[in-house]
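For reference, the chains in residue letters:
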Amino acid sequence: MPLPSSDEEKHQSSVAENTDHHHHEQFKQQFGFDPADIAAHTPSLRGHKLTAAVAFVAGTGFTLFGYDQGVMSSLLTGNQFEGSFPEVIVESSHPNHATLQSFIIAIYEAGCLFGALSNLWVGDKLGRRKTIVVGGSIMIVGAILQTTAFSFAQLIFARIFTGYGNGLITSTVPTYHAELSPSAKRGRMIMMEGTLIVVGLNPANDNDQIRFFVNWSSAQWRVPIALQLVFEIIMVTCIGFLPESPRWLVKRGRNAEAMAVISAMEDKPLSDPEVQRTYYGIREAVAVEASSQGSLRELTTGGPSQNFRRTVIAVVYMMMQQLTGINLVTLWTIVFQRLGLSEVNARITSVANGAEYILASIAAYYTIDYVGRRHLMLFGAIGQSIVMLLLAILGYINNTPAQIVSVVLLFCFNTFFAFGWLGVAWLYCAEIAGLRTRAPTNALSTASNWTFNFVVVMVVGPAFNNISWRTYIVFAALNAITVPVVYFFFPETGGRSLEDLDVVFALAYITGEDPVKVSLRKDVPLAGTREADEILGVSPRPSEKLPTPSSSSGKVRKQV
């Protein structure tokens, strides 16, 4: 006998409520928290909108990095800057002022170094977002101090202070961006940061052209320095609307919030196998290192995690990036004048070189997730070594045709660097480290970058004065050395989630294979699967039903 319509509706409603209650209880039993807890932490943005917002904030941070790094060198020889700070005027009666000129630029790198190193202790305590806010706030104060400087001592202090904030930002933003990017798009997203460094460098170098024509007020140098406040305020304000990294949240036991962020990041429901596998993969990474107290000694450990090896790779990579000679080439106007161009033509050519640099970095954006990290590194290093060798030969010849070809080769160098070493460096160092050591590893790798940035800035000028074109031979050799280092010691990270790399290193340790060779295999289990658990030595709790390869799209991602 059929139920009356009203009774039938009540019956259907009751069945739906019971089904929802059953699903909620099943979810709570499986994950240990209620779906309502996740709903309370759901980000306002999802999918492409969330990815774009994170990319915008991270990109703003790296545009700021590029701008602040280049702005001071473009202002040093302005007549108004020299009037405010006569200590930088190089004269025969004050030969030590040449050192002070280099010092006012290089001291910023020293501040960045200290900021990056301090992230060893504060990065995981504050979290990614708070660290970026603290770094940005410090830079805001530092920019104000630089803009209002009326003494050389104040300017030096302000440069160190601003650099400290930038060190915190540059050692945190790549990690934050990598941890909030889907693995299929992670390479392209973070390669954007390399492009935006160049975008920031170009306005900074364009100030050099403006300074050349505007010379009647101290605004000649105060306004360009103050412009960095725009990037800083945007970054500090906008990051307040973004979620925290799900990896950091799991480390802090905030699992429901992490699950909400993963769901938003993937733009998929909580029941989706891929969302659950990503969550389990992060839980695996935390569980593997649960016995550790999180001290910096973890960076020196071996075993399945191979933290020491991974940290050394990141530190060496950032060192090699600076030893390519990119800071030699990006002193565009000075280099072009050395090649015989007039001051005006050198400035015009440097602007064109900067524009070409941006275009090359954009082209690299479209290749990173298809070609792979290692191939681009090797391509860049080989090309850069050849260019430097040719520059040395042409410098020895030193006639007009040789100088013209040298100008073209400087454009070529930027292209090779943009493809292999600009954005890839920040991406690779964020990927290669394990979850528990990611913040301190990136702190050390960024500190390495700033240390050798400082060394190159201080050495290049005297090197050209003493050994002239032979300086190019030194950089040709340094680039050549990086080729076997990358080929034999740098695993491929493309096409895998950040947690998949833990499985790669653990499998290499267990089987005694080379991690580079394991990283190129296509049969490595995905993190979050039972096979990966066995490799990592993790046993899920009885209440947790881990996805199997078949239930989580378990085919290994296309290896690039």
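Fair warning: this is a prediction, and the values are worked out from it, not measured in the lab.

Turning next to the overall build of the protein chain. Helix and strand content of the protein chain: 26 helices and zero strands. The buried share among the 560 residues of the protein chain stands at 55%. Of the contacts made within the protein chain by residues no fewer than 6 positions apart, 81% connect residues no fewer than 24 positions apart. Of the roughly 22700 Å² that the protein chain leaves accessible, carbon and sulfur atoms contribute 65%.

With that out of the way, let us pick up the packing of helix H15 (residues 307-323) against helix H22 (residues 438-467). Interaxial distance between H15 and H22 falls to 8 Å at its minimum, and their mutual angle equals 25°. Comparing their axes, H22 and H15 come out roughly parallel. The chirality of how H15 crosses H22 is right-handed. Of H22, the residues touching H15 (which contributes Arg310, Thr311, Ala314, Val315, Met318, Met319, Gln321, Gln322 and Leu323) are Thr441, Leu444, Ser445, Ser448, Asn449, Phe452, Asn453 and Val456. Across the contact of H15 with H22, the residue classes break down as eight nonpolar, eight polar and one charged.

The next thing to look at is the pattern of salt bridges. A side chain of one charge can pair with a side chain of the opposite charge if their charged atoms are brought near each other. Scanning all chains against the criterion turns up 13 salt bridges. The closest approach of N and O atoms between Asp267 and Arg46, which form a salt bridge, is 3.3 Å. Taken together, the residues Asp267 in the loop between helix H13 (255-266) and helix H14 (273-288) and Arg46 in the loop between helix H2 (35-40) and helix H3 (47-71) connect sequence positions 221 residues apart. For Asp267, a relative accessible area of 44% translates into the label partly exposed. The closest approach of N and O atoms between Arg521 and Asp523, which form a salt bridge, is 2.9 Å. Residue Arg521 is classed as partly exposed on the basis of its relative accessible area, which comes to 25%. Linked by salt bridges that have partners in common, Asp124, Arg128, Glu179, Lys251 and Arg438 make up one network.

A full pass over the atoms with the stated rule returns two cavities of 30 Å³ or more. Taken as a whole, the second largest cavity holds about 40 Å³ of empty space. Taken together, Asn119, Gly123, Gly127, Arg128, Thr131, Ser171, Thr172, Thr175 and Ala439 make up the lining of the second largest cavity. Within the residue set of the lining of the second largest cavity, elements represented by two or more residues are helix H5 (97-126) and helix H6 (128-147).

Turning our eyes to something else, we now look at a nonpolar patch on the surface. Taken together, the side chains of Ile382, Ile386, Leu389, Leu390, Ile393, Tyr396 and Ile397 present a nonpolar region at the surface, about 670 Å² in accessible area. Along the chain, the position of Ile393 falls in helix H20 (residues 373-397).

This part is about the packing of aromatic side chains. On inspection of all chains with the given rule, the structure shows 19 aromatic pairs. Look at Tyr396 and Trp469: their rings are 5.4 Å apart centre to centre, the planes differ by 70°, and that puts the pair in the edge-to-face class. Here Tyr396 is found in helix H20, whereas its partner Trp469 is found in the loop between H22 and helix H23 (470-489), with 73 residues between them in sequence. Residue Tyr396 is classed as exposed on the basis of its relative accessible area, which comes to 60%. What links up through ring pairs into an aromatic cluster is the set Phe62, Phe65, Tyr108, Trp426 and Trp450. The positively charged end of Arg222 is found above the aromatic ring belonging to Phe150, 4.2 Å away from the centroid. Across from the ring centre of Tyr487, 5.5 Å away, lies the NZ or CZ of Arg374, which sits over that ring.

Turning to the packing of H3 against helix H7 (residues 152-170), a few remarks are in order. Packing of H3 against H7 leaves a shortest axis separation of 10 Å and a crossing angle of 150°. By crossing handedness, the relation of H3 to H7 is classed as left-handed. Contact residues: H3 offers Phe62, Leu64, Phe65 and Asp68, while H7 offers Arg159, Thr162, Asn166, Ile169 and Thr170. When grouped by side-chain class, the residues that make up the contact of H3 with H7 number four nonpolar, three polar and two charged.

On to unusual backbone geometry, then. One non-glycine residue, Gln306, lies in the positive phi region at around 50°. With respect to the helices, strands and loops of the structure, Gln306 is situated in the loop between H14 and H15. For Gln306, a relative accessible area of 12% corresponds to the buried category. If you check the backbone angles, Ser468 has positive phi at about 55° while not being a glycine. Here Ser468 lies in the loop between H22 and H23.

Moving on: the layout of surface pockets. When its volume is computed, the second largest pocket comes out at roughly 490 Å³. Every element with two or more residues in the lining of the second largest pocket is listed here: H3, helix H9 (183-213), H13, H14 and helix H19 (368-371). At five residues, H9 tops the list of elements feeding residues into the lining of the second largest pocket. Classifying every residue of the lining of the second largest pocket gives eight nonpolar, nine polar and 13 charged.

This part takes up the nonpolar core. The nonpolar side chains of soluble globular proteins are, as a tendency, buried together. One finds Leu242, Tyr317, Met377, Met388, Trp421 and Phe490 to be the most contacted residues of the largest nonpolar core, which totals 96 residues. The element best represented in this core is helix H21 (residues 400-432), accounting for 17 residues. Other than its neighbours up to four places away in sequence, Leu242 contacts Leu45, Leu50, Ala53, Val54, Val57, Arg129 and Tyr176.

In this section: the side chain of Thr493. Relative to the assigned elements, Thr493 resides in the loop between H23 and helix H24 (500-511). Only 3.5 Å separates the side chain of Thr493 from the side chain of Arg373, close enough to count as a polar contact. There is a polar contact of 2.4 Å between the side chain of Thr493 and the side chain of Glu431. Setting aside anything within four residues of it in sequence, one finds Thr493 in contact with Arg186, Arg373, Tyr428, Glu431, Ile432 and Leu501.

Conventions used here
Residues numbered from 1 in each chain as written. Predicted model: local features only at pLDDT ≥ 70, side-chain atom pairs only at ≥ 80, totals over all residues. Heavy atoms only, no water. Helix = DSSP H or I, 4+ residues; strand = E, 2+ residues; numbered from the N terminus. Buried < 20%, exposed > 50% of the residue type's maximum accessible area, 1.4 Å probe, protein only. Contact = heavy atoms within 4.5 Å. Areas by Shrake-Rupley, 256 points an atom, 1.4 Å probe, with all protein chains shown as cover. Axes fitted to C-alpha atoms, helices over the stretch in contact; angles between N-to-C directions. Parallel < 35°, antiparallel > 145°, perpendicular 65-115°, else oblique. Left-handed = near helix turned anticlockwise from the far one by under 90°. Nonpolar A, V, L, I, M, F, W, Y, C, P; charged D, E, K, R; others polar. Salt bridge = Lys/Arg side-chain N within 4 Å of Asp/Glu carboxyl O. 1 Å grid on protein atoms, 1.4 Å probe; cavity = no way out; pocket = protein on both sides within 12 Å on 5 of 7 lines; lining within 4 Å. Points joined across faces, edges and corners; volume = space filled by probe spheres on them. Patch = residues over 30% accessible without salt bridge, like charges linked within 9 Å, V, L, I, M, F, W, Y side chains within 5 Å. Phe/Tyr/Trp six-rings, centres within 6.5 Å; stacked < 30°, edge-to-face > 60°. Lys NZ or Arg CZ within 6 Å of the ring centre and 35° of its normal. Core = buried A, V, L, I, M, F, W, Y, C linked by side-chain atoms within 4.5 Å. Polar contact = N/O pair within 3.5 Å; in protein donor to acceptor, adjacent residues only side chain to side chain.

All we've got here are geometric facts, nothing functional implied.
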